[in-house]
Amino acid sequence: MSDETGTPEDQAGSARGETAGGGPRPEPLRFFGTSWVDHDHGYAARRAGVAAGSLAAAVVSCLVLRFAYDGLRIAGTGAFVTVLIIAMFAICSALAFRNTWEGFGRRHDPQRQASLRGLLAIGFVGSLLAYFFRALTEAPGEKLHREEYDKAREEYERRSSRRTGAPSRRKRRR
């Protein structure tokens, strides 16, 4: 199920693909569709919604983790296990934050992401906080997509400017 909104024409294609009308198409972002290109169609409201939603999810997640901590304390597992669990969530959240934050600026290696899947799942609070902080300045991932889209547009302009007409209509010299 897609979270993107906008018209089907806005969502079709990617920065690397070209349309029948000519030129590359922007790649849609989750929750933003292609509104990030011109900052239209409720872009500011979507950014505010993403920021508020990710912060609310992080707060709720911390409350759930607090209940888990209380469960460990009630179970009497001991100080070592409690410290180990707290350290695991703290370290995994920090690594997930860093990984998510870096993902907004460059594409990740799919094999590395697959190997980090468990760690990122444990540190989900860090990923939520990265989304919150990035949404305060731009749509999460907008910088990367804008660079790729601008590069694709420049390449398209360069390719299309070299063409000078239909070769079949040129007169042949004898």
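Engineer: Is there a simple way to explain the nonpolar core in this structure?
Structural biologist: Membership of the largest hydrophobic core is limited to eleven residues, which are Leu29, Phe32, Trp36, Val37, Tyr43, Val50, Ala51, Phe132, Ala135, Ala139 and Tyr149. Those elements giving two or more residues to this core turn out to be α2 (43-75) and α6 (124-135). If you tally residues by element for this core, the top one is α2, at three residues. Among residues more than four places away in sequence, those in contact with Phe32 are Tyr43, Arg46, Arg47, Val50, Ala139 and Pro140.

Engineer: Even after reading the chapter, I still don't get the packing of aromatic side chains, so can you show me in this structure?
Structural biologist: The description of two aromatic rings rests on the distance between their centres and on the angle between their planes. In this structure the tally under the stated criterion is seven aromatic pairs. Aromatic side chains Phe97 and Trp101 sit 5.7 Å apart centroid to centroid with 10 degrees between the ring planes, which places their arrangement in the stacked category. In this pair, Phe97 and Trp101 are both assigned in helix α3 (residues 79-103), four residues apart and thus about one turn of the helix distant. By relative accessible area, which is 33% here, Trp101 ends up partly exposed. Measuring from centroid to centroid gives 5.4 Å for Phe104 and Tyr131, while their planes differ by 85 degrees, and the two rings are edge-to-face. Residue Phe104 is located in the loop between α3 and α4 (110-115), and its partner Tyr131 is located in helix α6; the two are separated by 27 residues in the primary sequence. Note on Phe104: relative accessible area 5%, which makes it buried.

What counts and how
- Every chain begins its residue count from 1, and numbering advances along the sequence as written.
- Side-chain atom pairs in this predicted model are given and counted only at pLDDT of 80 or more, local residue features only at pLDDT of at least 70, and totals for whole chains, interfaces and linings cover all residues.
- With hydrogens and water excluded, all non-hydrogen atoms of the structure serve as input to the side-chain values.
- Residue types Ala, Val, Leu, Ile, Met, Phe, Trp, Tyr and Cys, when buried and joined through side-chain atoms within 4.5 Å, form a set referred to as a nonpolar core.
- Residue exposure (1.4 Å probe, protein chains only): buried if accessible area is under 20% of the type maximum, exposed if over 50%, otherwise partly exposed.
- For the purposes of this entry, the term helix denotes a DSSP run of H or I that reaches at least four residues, the term strand denotes a run of E that reaches at least two, and both are numbered from the N terminus.
- The contact criterion used throughout is that any non-hydrogen atoms of two residues lie within 4.5 Å.
- A pair of aromatic rings is counted whenever rings of Phe, Tyr or Trp (Trp by its six-membered ring) have centres within 6.5 Å, and the orientation is called stacked for planes under 30 degrees apart, edge-to-face for over 60 and tilted otherwise.

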